[in-house]
Amino acid sequence: MAGNNNFVAGIGSTNVDLLYSGIEKLPNEGEEIYSRDFSLQLGGGVPATLINIARLGICAKIATELGEDMFSLFARREFEKAGVKPLNLYKGQDMPLNVTSAIITPGDRTFFSYGKGSVEASDTAMEEAYKMCRGARVAIMQWGGFLPVYKKLREEGTILVFDCGWDDNMSLDRYRDYLDIADYYTPNQKEAQKITAADNPHKAAKILSDYFENVVVKLDSDGCLGMQKGEEFIVPPVKNIECADSTGAGDAFLAGFIYGLYYDYSFKDCLMFGNITGGKCVTEVGCLSAYVTENELLRQYELLKKLLD
């Protein structure tokens, strides 16, 4: 493989979140409600995963779209602080990223978003993204127009992790080209059941085992269901976690999971790392407020290993 094989890469839109919390209810039309707390952060998706990977001491690279607007400038600063240098694929004059206002009540979350959603996969963008990703030990795949880039990376030996998120139209046929080249797919139970048309996560995992030797189905607060060579098992969650906001938990899980892949840990250990990073994320509001360092991750991993052995 070309390159030093010492980094993780991804292609994806940058999201900026305006987080309003400490609200008892949503306002009716014409009403104004003040929140007790407010935070401006980078949002979820590939950027959040790569920032969490960088926080664990691994070099992380992202190909994304940034402009000269105030939110793009904020995003650049956040990437710089985390040590993730973005490759900017945007050539226009508008605001190319996504901006979301998240209103967090005691019962749930409500989102208002603006943006085009995904990175434009022009011929130039694909060429530049491939040059950046080439030589990565692990690359994060998302559904969209960059399939030719992922195919090249697969041929060169990069480990591909497919993390597409929710889609009302998701199905095995729709995502087949991605599933066929991915080494791992990391859905939550809702996504796994939707894509397989199964009525429970166990049946979904069984169907996904036709595509993957190692199957992942995240079970939210119940940990993670894994299947290896047809044998199902559960990796339990970290105990005594008080959930303040589940936003970004999947992205944080993916960072821990990729940490394990990067350092050649066993499949079960990778899931355990994911549970640790995902569990920490939900303890504060926002995708990137709460996180573990590499030392904290390894310390918790050793403690969990002793409990499970």
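To keep things clear, this report deals only with the structure shown in the data block. None of the values given here were measured: they were computed from a predicted structure.

1. A short note on the overall build of the protein chain
- When its secondary structure is counted, the protein chain shows 10 helices and 13 strands.
- C-alpha extents for the protein chain along the principal axes are approximately 55 × 45 × 40 Å.
- By sequence separation, contacts in the protein chain at least 24 residues apart represent 64% of the contacts at least 6 residues apart.
- Carbon and sulfur atoms make up 46% of the accessible area of the protein chain, which totals about 14,800 Å².
- A distance of 4 Å separates the average location of the 31 positive side-chain charges in the protein chain from that of its 44 negative side-chain charges.

2. Describing the sheet that holds strand β7 (residues 109-114)
- What the 4 strands build is an open sheet, ordered β3-β2-β6-β7; its pairing is mixed. Only two strands of the sheet have a single partner each, and these edge strands are β3 (37-42) and β7. Along the sheet, successive strands turn relative to each other by an average axial angle of 15°, direction set aside.
- Packed onto the sheet, helix α2 (residues 70-82) meets β2 (15-21), β3 and β6 (98-104) and runs at close to 75° relative to β3.

3. Regarding the pattern of salt bridges
- Tallying each qualifying case throughout the model produces 12 salt bridges.
- Between K25 and E31 there is a salt bridge, and its shortest N-O distance comes to 3.5 Å.
- Relative accessible area serves as the criterion here: at 44%, K25 is assigned to the partly exposed category.

4. Focus: the packing of helix α1 (residues 46-55) against helix α8 (residues 249-262)
- Between α1 and α8, the least distance of the axes is 8 Å, while the angle of their chain directions is 45°. With respect to α8, the element α1 is oriented oblique. Between α1 and α8 lies a crossing of right-handed hand. When α1 is examined against α8, the residues A48, T49, N52 and I53 are found in contact with a partner set consisting of D251, A252, L254, A255 and I258.
- Residue composition of the contact of α1 with α8, grouped by class: 6 nonpolar, 2 polar and 1 charged.

The rules behind these values
- Residues numbered from 1 in each chain as written.
- Predicted model: local features only at pLDDT ≥ 70, side-chain atom pairs only at ≥ 80, totals over all residues.
- Heavy atoms only, no water.
- Helix = DSSP H or I, 4+ residues; strand = E, 2+ residues; numbered from the N terminus.
- Contact = heavy atoms within 4.5 Å.
- Areas by Shrake-Rupley, 256 points an atom, 1.4 Å probe, with all protein chains shown as cover.
- Lys, Arg positive; Asp, Glu negative; His and termini not counted.
- Charge placed at Lys NZ, Arg CZ, Asp CG, Glu CD.
- Pairing = 2+ DSSP bridges.
- Axes fitted to C-alpha atoms, helices over the stretch in contact; angles between N-to-C directions.
- Salt bridge = Lys/Arg side-chain N within 4 Å of Asp/Glu carboxyl O.
- Buried < 20%, exposed > 50% of the residue type's maximum accessible area, 1.4 Å probe, protein only.
- Parallel < 35°, antiparallel > 145°, perpendicular 65-115°, else oblique.
- Left-handed = near helix turned anticlockwise from the far one by under 90°.
- Nonpolar A, V, L, I, M, F, W, Y, C, P; charged D, E, K, R; others polar.

These figures capture arrangement, not role.
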